[in-house]
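The residues making up each chain are set out below.
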Amino acid sequence: MLTLQETSSVMQRRPRRNRKSQAIRNMVEETRLSVKDFIFPMFLIDGVNQKVEVASMPGIYRYSLDLMLKEIEDCVNLGIMAFDIFPAYPESKKDKYATESHNPETFYLKAIHKIKTTFPEIVVMTDVAMDPYSSDGHDGLVENGKILNDETLEILGKMSLAQAHAGADILGPSDMMDGRVGFIRNVLDENGYTDVSIMSYTAKYASAFYGPFRDALDSAPKSGDKKTYQMDSANYYEAMIEADLDTEEGADFLMVKPALAYLDVIRLLKDNSNLPIAAYNVSGEYAMIKASAERGWLDGERAMLESLLSIKRAGANVILSYFAKEYALIARD
Ligand code: PBG
């Protein structure tokens, strides 16, 4: 056993020196969050003067366009410059083929156009998948209980074109059909939308953490689950197969979703790709923190900051998070 004196003479390295004050901790901080890292996902409904809280997502609302424009303005004033807009449709507008998704008169596409013309400087992202418009509640076309891949691509192509035409800056194919990035890229390019970006949901896992989102959009599958197209949580290397394909097919960003239970996958993609990596801090991840904070079981603000920081530390360049505004309200950068 060394005496205390002997110990301190051999201990030339003392990592605690770099933790001794807030000023030093700030200097050696390896990861810093910024409002610029975020994309704020928002839920849109038809009508006017509507603002309805999502029961399982305290602080998150479905807005009609007029109130969404106000909310976006608020966020822009806080420095948030990117928004991912998801529509919630009533059952009466849904059908097997998600026809409403490319109806030029539909409220979602008109709203995208209005948002983009009101705030030309922001980034508007849209979601490409059939589920909000599908009477089956699946991301692809269902025939005899099966999700048809190639037939779905045709529908996604029409949806993408309609969203690009409405003014979307980034399309987010969240459907996980094979070949959809290349298919969508071709459709866009053939129609002159070479400037419209694709943020591919590259490694989107079949996750329990999407529950509150499906409440927000009333978009849960009517039968079966999404395991024949979304990835198995057990798989890690398979994410690189998806990443390589999306890269070859022309994706501008690769996304991992959910974020917190898949930090290893975020790091895998970051280390093996030169494309910017996005991570989706999903509805269930938001709800968990909110629910325990409401009960006083943990400090909601600290848990939020720690989660967001972990996602960035894992390698995400872009974070889609329902916490974006809350973060912006307390951020000082
Ligand atoms: C569907 C879609 C989902 C989310 C984004 N796009 C849900 C799903 O696949 O069932 C989830 C987002 C979240 O949970 O916050 N195409």
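Residues numbered from 1 in each chain as written. Predicted model: local features only at pLDDT ≥ 70, side-chain atom pairs only at ≥ 80, totals over all residues.

Chemist: What is the right way to read the overall build of the protein chain from this model?
Modeler: Counting its regular elements, the protein chain contains 12 helices and 12 strands. A globule of 333 residues ought to have a C-alpha radius of gyration of about 20 Å, and the protein chain, at 22 Å, matches this closely. Here the protein chain holds 333 residues, and the buried ones make up 44% of them. (Helix = DSSP H or I, 4+ residues; strand = E, 2+ residues; numbered from the N terminus. Rg over C-alpha atoms; globule rule 2.2 N^0.38 Å. Buried ≥ 20, exposed ≤ 12 C-beta atoms within 10 Å, placed from the backbone.)

Chemist: Please clarify how helix α8 (residues 238-248) should be interpreted in this entry.
Modeler: For the α-helix, the turn length of 3.6 residues means that residues three or four positions removed from each other point alike. For α8, the full list of buried residues reads Ala239, Glu242, Ala243 and Asp246. Each buried residue of α8 sits inside an arc of 100° when the element is viewed along its axis, so together they form one side. For α8, the secondary structure elements touched by its buried residues are α6 (180-190), β9 (197-204), β10 (253-257) and α9 (263-272). Just past α8, the residue Gly250 takes up positive phi, approximately 105°. (Arc of directions from axis to C-beta. Contact = placed C-beta atoms within 7 Å.)

Chemist: Please clarify how the pairing of strand β5 (residues 123-128) should be interpreted in this entry.
Modeler: Residues in a regular strand point their side chains to alternate faces of the sheet. In terms of residue burial, β5 counts as a mostly covered element, since five of its six residues are buried. In the sheet, strand β4 (residues 82-87) pairs with β5 via four bridges, with the strands oriented parallel. Residue pairing for β5: Asp84 is matched across the bridge by Met125. Crossover β4 to β5 through helix α4 (residues 107-118) is right-handed. Direction of pairing for β5 relative to strand β8 (residues 170-173): parallel, over a ladder of four bridges. Residue pairing across strands places Thr126 opposite Leu171, the latter belonging to β8. (Pairing = 2+ DSSP bridges. Right-handed = clockwise from strand over helix to strand, strands pointing away.)

Chemist: Help me understand the site of the ligand in this model?
Modeler: Surrounding the ligand, one finds Asp127, Ala129, Asp131, Asp139, Ser174, Tyr210, Phe213, Arg214, Lys226, Val282 and Ser283. Residues of the shell around the ligand, tallied by class, amount to four nonpolar, two polar and five charged. (Near = placed C-beta within 6 Å. Nonpolar A, V, L, I, M, F, W, Y, C, P; charged D, E, K, R; others polar.)

Chemist: Help me out: how do you make sense of the UniProt feature "binding site: Mg(2+)" (unreviewed entry) in the protein chain in this one?
Modeler: According to UniProt, the "binding site: Mg(2+)" (unreviewed entry) feature falls on Glu242. According to the C-beta neighbour criterion, Glu242 is buried, with 23 such atoms within 10 Å. Among all residues touching Glu242, those that are not within four sequence positions of it are Thr202 and Ala203. (UniProt positions renumbered as here; feature names shortened; annotations may be inferred.)

Chemist: Before we go on, may I ask you to explain the nonpolar core in this structure?
Modeler: Buried together is how nonpolar side chains tend to be arranged in soluble globular proteins. One finds Leu44, Val256, Ile266, Ala278 and Ala279 to be the most contacted residues of the largest nonpolar core, which totals 97 residues. Filtering out sequence-adjacent residues up to four positions away, Leu44 remains in contact with Tyr63, Leu65, Met68, Ile85, Phe86, Pro87, Ala88, Tyr108 and Ala111. (Core = buried A, V, L, I, M, F, W, Y, C linked by C-beta atoms within 7 Å.)

Chemist: Hey, could you run me through the confidence of the model for the protein chain in this one?
Modeler: The pLDDT averaged across the protein chain works out to 96; a share of 99% of its residues lies at or above 70. This prediction of the complex comes with two scores: 0.96 for pTM and 0.95 for ipTM. (pLDDT = per-residue confidence, 0-100.)

Chemist: In this structure, what is going on with helix α3 (residues 65-77)? I would like to understand it.
Modeler: In this model α3 runs 18 Å from its N-terminal to its C-terminal C-alpha over 13 residues, within 8% of the 18 Å that 1.5 Å per residue would give. Listed as buried for α3 are Leu65, Met68, Ile72 and Cys75. Angular distribution of buried residues about the axis of α3 spans 70°; they occupy a single face of the element. Exposed and oriented more than 90 degrees from the buried face of α3 are Lys70, Glu73 and Asn77. Contact partners of the buried residues in α3: β1 (38-45), β3 (61-64), β4, α4 and α12 (324-330). Backbone geometry just after α3 places Gly79 at a positive phi near 100°. (Expected span 1.5 Å × (residues − 1).)

Chemist: Is there a simple way to explain the UniProt feature "active site" (unreviewed entry) in the protein chain in this structure?
Modeler: UniProt annotation of "active site" (unreviewed entry) refers to Lys204 and Lys257 when read in the numbering used here. Taken along the chain, the residues just named run across 54 residues; in space they keep tight, none of their C-alpha pairs more than 4.8 Å apart. Looking at where Lys204 falls in the secondary structure, it is placed in strand β9. Not counting residues within four places of it along the chain, the set of residues in contact with Lys204 comprises Ser174, Met176, Gln230, Met231 and Lys257. Following the sequence through the fold, Lys257 ends up in strand β10. Contacts of Lys257, omitting those with residues within four sequence positions, involve Tyr201, Lys204, Tyr205, Tyr280 and Val282.

Chemist: Looking at this structure, I do not really get the environment of Asn186. What am I missing?
Modeler: Assignment of secondary structure puts Asn186 in helix α6. Along the primary structure Asn186 and Gly157 are separated by 29 residues, whereas in three dimensions their C-alpha atoms are 8.9 Å apart.

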